[in-house]
Amino acid sequence: AHPERDLIVRRYLKQQASLYFPALAQLDEAAPAVDEPDEPGREEQLEERVALRDQRLGSVQSVLKASGAKRVLDLGCGAGALLERLIREDYELILGADVSVRALEHAARRLKLDDMHDAQRQRISLIQSPLTYRDKRLIGFDAAALVEVIEHLDPPRLASAEQNVFGSAR
């Protein structure tokens, strides 16, 4: 009765497509009878599916807002998913930093920086900066987020990233 049963079976049997429908039939035979709800689809309407990444970004957004921070860093901002959420809030300054120039270009397009009103545009900046080197542009912010970043750093570089974020940038 798993809601993603068909997808799971299809992926599991991706190299053996001829077994897909027989496998589903066997699952249907083996499945216990389930009482149908009074209103079909009602339960699905109540529970909106939220991607894990969106849950993470929403949690970070909530924590930053609750912190009272006015100047926020998104370190390892990538294509700007968190920045897109933060720009809707009333932060004085938002800085997105990433080692990849290409990711920053994607973020600029995602945020539509070229189309932003001047007052809005002055609140957000994107810079190319690796976390493993000191960067004075990261100093003076109230809060910093590193979402889905640490796992991309080589273990020998974690200590320098830690020193830069918690030491140099504070």
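In this text, all values refer to a predicted model and were calculated from it rather than measured experimentally.

Q: Mind laying out the side chain of Asp-74, listing which residues take part and the relevant values?
A: Along the chain, Asp-74 falls in strand β1 (residues 71–75). If we ignore the near neighbours within four places in the chain, the residues touching Asp-74 are Leu-82, Leu-83, Leu-95, Gly-96, Ala-97 and Ala-145.

Q: Any chance you could break down the nonpolar core for me, citing the residues and the numbers?
A: Within the largest apolar cluster, 20 residues are counted, with the highest numbers of intra-cluster contacts made by Leu-64, Leu-86, Ile-94 and Ile-124. Per-element tally for this core: the top contributor is helix α5 (residues 81–86), with 4 residues. Beyond its immediate chain neighbours, meaning those up to four positions away, Ile-124 contacts Leu-83, Ile-87, Ile-94, Leu-111, Leu-113 and Met-116. Counting residues in hydrophobic clusters, the runner-up holds 14 residues, among them Leu-73, Leu-75, Leu-93 and Val-149.

Q: If you had to explain the side chain of Asn-164 to someone new, which residues and values would you point to?
A: Looking at the element boundaries, Asn-164 is found in helix α8 (residues 158–168). At 3.1 Å, the side chain of Asn-164 and the backbone oxygen of Thr-132 are in polar contact. In contact with Asn-164, not counting residues within four places along its chain, are Leu-131, Thr-132, Tyr-133, Arg-134, Ala-169 and Arg-170.

Q: Which residues make up the sheet that holds strand β3 (residues 124–128), and what values go with them?
A: The sheet built from 4 strands is open, its strands ordered β3-β2-β1-β4 with parallel pairing. With partners counted over all chains shown, the strands left at the sheet margins are β3 and β4 (143–145), one partner each. Looking at each pair of strands side by side, their axes are set apart by 20 degrees on average, direction ignored. In terms of strand pairing, β1 meets β4 through 3 bridges, oriented parallel. Bridge pairing in β4 places Val-72 opposite Ala-143.

Q: Now, about the pattern of salt bridges: what can you tell me, with residues and values included?
A: With the rule as written, the count across this model stands at 7 salt bridges. Residues Arg-53 and Glu-148 are paired through a salt bridge, measuring 3.3 Å at the closest nitrogen-oxygen approach. Pair noted here: Arg-53 is in helix α4 (residues 52–67) and Glu-148 is in the loop between β4 and α8, with a separation of 95 residues, a long-range link. Overall, the relative accessible area of 41% leaves Arg-53 in the partly exposed class. Residue Glu-148 is classed as partly exposed on the basis of its relative accessible area of 27%. Between Asp-135 and Arg-137 there is a salt bridge, and its shortest N-O distance comes to 2.7 Å. Overall, the relative accessible area of 13% leaves Asp-135 in the buried class. Using a relative accessible area of 43% as the deciding quantity, one classes Arg-137 as partly exposed.

Q: Can you lay out the pairing of strand β2 (residues 93–98) for me, pointing to particular residues and giving the numbers?
A: The buried fraction of β2 is high, at 6 of 6 residues. Here β2 shows a buried face lined by Leu-93, Leu-95 and Ala-97 and a second buried face lined by Ile-94, Gly-96 and Asp-98. The sheet contact formed by β1 and β2 spans 5 bridges and is parallel. Residue pairing in the sheet places Leu-73 in a bridge with Leu-95 of β2. Taking the sense of rotation as the criterion, the β-α-β connection linking β1, α5 and β2 turns out right-handed. Strand direction decides the pairing type here: β2 and β3, joined by 5 bridges, are parallel. Looking at the pairing, Leu-95 lines up with Ser-125 of β3.

Here is what the cut-offs are and how they apply
Residues numbered from 1 in each chain as written. Predicted model: local features only at pLDDT ≥ 70, side-chain atom pairs only at ≥ 80, totals over all residues. Heavy atoms only, no water. Helix = DSSP H or I, 4+ residues; strand = E, 2+ residues; numbered from the N terminus. Contact = heavy atoms within 4.5 Å. Core = buried A, V, L, I, M, F, W, Y, C linked by side-chain atoms within 4.5 Å. Buried < 20%, exposed > 50% of the residue type's maximum accessible area, 1.4 Å probe, protein only. Polar contact = N/O pair within 3.5 Å; in protein donor to acceptor, adjacent residues only side chain to side chain. Pairing = 2+ DSSP bridges. Axes fitted to C-alpha atoms, helices over the stretch in contact; angles between N-to-C directions. Salt bridge = Lys/Arg side-chain N within 4 Å of Asp/Glu carboxyl O. Right-handed = clockwise from strand over helix to strand, strands pointing away.

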